[in-house]
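Observations on the three-dimensional arrangement
Single-letter residue listing:
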Amino acid sequence: MNAGYLIFHPTADQPLPEVSQVLTRLSETGLTGQPLPGMPQHFLTGPHFLQRITFLGCSPSVPLTANTNSDNALCYIRLLGPYPAPRLITGQNSRPPRCHGCRHRFHEWQEQIAEPDREIRCPECGQESSWQDLNWRQMAGAARLFIAISQVFPGEAVPTAGLMQTLQQGGEEWDYFYVQQPLLWPGGQNPGEL
Ligand SMILES: [Zn+2]
């Protein structure tokens, strides 16, 4: 059982960051630790994980080591991508996205997102967007590259300003969102062991 994921991503319409440099910075700042054996692009939490991510409860129950929980419940950090084109990750907790032009809510998104490459026109202001461009209010997100932290209930933890600066040292802007039981679009697949 996974409480959910906190997922970081470069914001849309930017060149892809150099992935190896991002991973090096996350390791140097102590967010990520050793790679998980036999699981490419998965990392254990690093020595300063709890200084880079602020858990809002008084005593975080996030399982950082494997010896008290099953491996399934372990908190780890996973790189997804880079993908050749933007992917959208939604979750069971995602709510209707909003038009950036007029804040119209696309209540019917779950029926329509099966065709995620289609341009959608806002019925209120007429603005054309892709699904990736809509405002998902931190309950879904689109990018070619994601860094996902497991075992985070939506809204339970926030990155420190220092961690965001570390991510943005390559010059890109980064953002984050929270999902439970994620699906990766196009295709709507469960992204494996995420
Ligand atoms: Zn609109």
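Residues numbered from 1 in each chain as written. Predicted model: local features only at pLDDT ≥ 70, side-chain atom pairs only at ≥ 80, totals over all residues. Heavy atoms only, no water.

1. A word on the coordination of the zinc ion
Protein coordination of the zinc ion is provided by Cys99 (SG), Cys102 (SG), Cys122 (SG) and Cys125 (SG), with donor distances spanning 2.3 Å. In this structure, the zinc ion is coordinated by four donor atoms arranged in tetrahedral fashion, with angles at the metal of 101 to 118°. Mapping the donors of the zinc ion onto the primary sequence gives the spacing C-x2-C-x19-C-x2-C. Note on cysteine 122: relative accessible area 2%, which makes it buried. (Donors = N, O, S within 2.8 Å, 3.2 Å for Na, K, Ca; no water. Tetrahedral: all angles 85-135°; square planar, octahedral: opposite > 155°, others 65-115°. Buried < 20%, exposed > 50% of the residue type's maximum accessible area, 1.4 Å probe, protein only.)

2. Quick look at the packing of aromatic side chains
In total, this model carries eight aromatic pairs according to the counting rule given. Note on phenylalanine 49 and phenylalanine 55: the rings are 6.4 Å apart at their centroids and 45° apart in plane angle, and the pair reads as tilted. Side by side, phenylalanine 49 and phenylalanine 55 carry an identical accessibility label, which is buried. Centre to centre, the rings of tyrosine 176 and tyrosine 178 are 6.0 Å apart; their planes meet at 90°, and the pair counts as edge-to-face. The same class applies to tyrosine 176 and to tyrosine 178, which are both buried. Ring-pair connections join several aromatic residues into one group, and the members of that group are Phe106, Trp109, Trp131 and Trp136. (Phe/Tyr/Trp six-rings, centres within 6.5 Å; stacked < 30°, edge-to-face > 60°.)

3. Digging into the pairing of strand β6 (residues 87–90)
Sheet faces and side chains relate simply in a regular strand, where the side chains alternate between the two faces. Where β6 lies against strand β9 (residues 140–143), four bridges are found, and the strand directions are antiparallel. Bridge pairing in β9 places arginine 87 opposite alanine 143. Taken together, the three bridges between β6 and strand β13 (residues 183–185) define a ladder with antiparallel strand orientation. Among the inter-strand pairings, leucine 88 is bridged to a residue of β13, identified as tryptophan 185. (Pairing = 2+ DSSP bridges. Helix = DSSP H or I, 4+ residues; strand = E, 2+ residues; numbered from the N terminus.)

4. A few points about the pattern of salt bridges
If you walk through the whole model with that rule in mind, you get one salt bridge. A salt bridge links arginine 121 to glutamate 128; the shortest N-O distance between them is 3.3 Å. (Salt bridge = Lys/Arg side-chain N within 4 Å of Asp/Glu carboxyl O.)

5. Section: the nonpolar core
Counting residues in each nonpolar core, the largest one holds 25 residues, and the members touching the most others are Phe8, Ile53, Ile147 and Ile149. For this core, the elements supplying multiple residues, two or more each, are β1 (5–10), α1 (19–28), β4 (53–55), β5 (76–80), β10 (146–150), α4 (161–167) and β12 (174–179). Filtering out sequence-adjacent residues up to four positions away, isoleucine 53 remains in contact with Leu6, Phe8, Leu31, Ile149, Ala157, Val158, Pro159, Thr160 and Leu163. If you look at the next biggest cluster of nonpolar residues, it comprises 13 residues, including Leu88, Ile120, Ala140 and Ala142. (Core = buried A, V, L, I, M, F, W, Y, C linked by side-chain atoms within 4.5 Å. Contact = heavy atoms within 4.5 Å.)

6. What to know about the domain arrangement of the chain
Looking at the chain, the domain boundaries give domain 1 (5–91 + 138–185) and domain 2 (95–135). For domain 1 versus domain 2, the separation of C-alpha centres amounts to 26 Å. The interface of domain 1 with domain 2 comprises six residues on the first partner and seven residues on the second. Counting each side, the surface lost to burial between domain 1 and domain 2 is near 630 Å², with a carbon and sulfur contribution of 76%. Here domain 1 and domain 2 share zero salt bridges between them. For the pair domain 1 and domain 2, the interface holds zero residue pairs in polar contact (both at pLDDT 80 or more). A class-by-class count of the residues in the side of domain 1 that touches domain 2 yields five nonpolar, one polar and no charged. (Domains from an automatic or database assignment. Buried area = accessible area lost by both parts, 1.4 Å probe. Polar contact = N/O pair within 3.5 Å; in protein donor to acceptor, adjacent residues only side chain to side chain. Nonpolar A, V, L, I, M, F, W, Y, C, P; charged D, E, K, R; others polar.)

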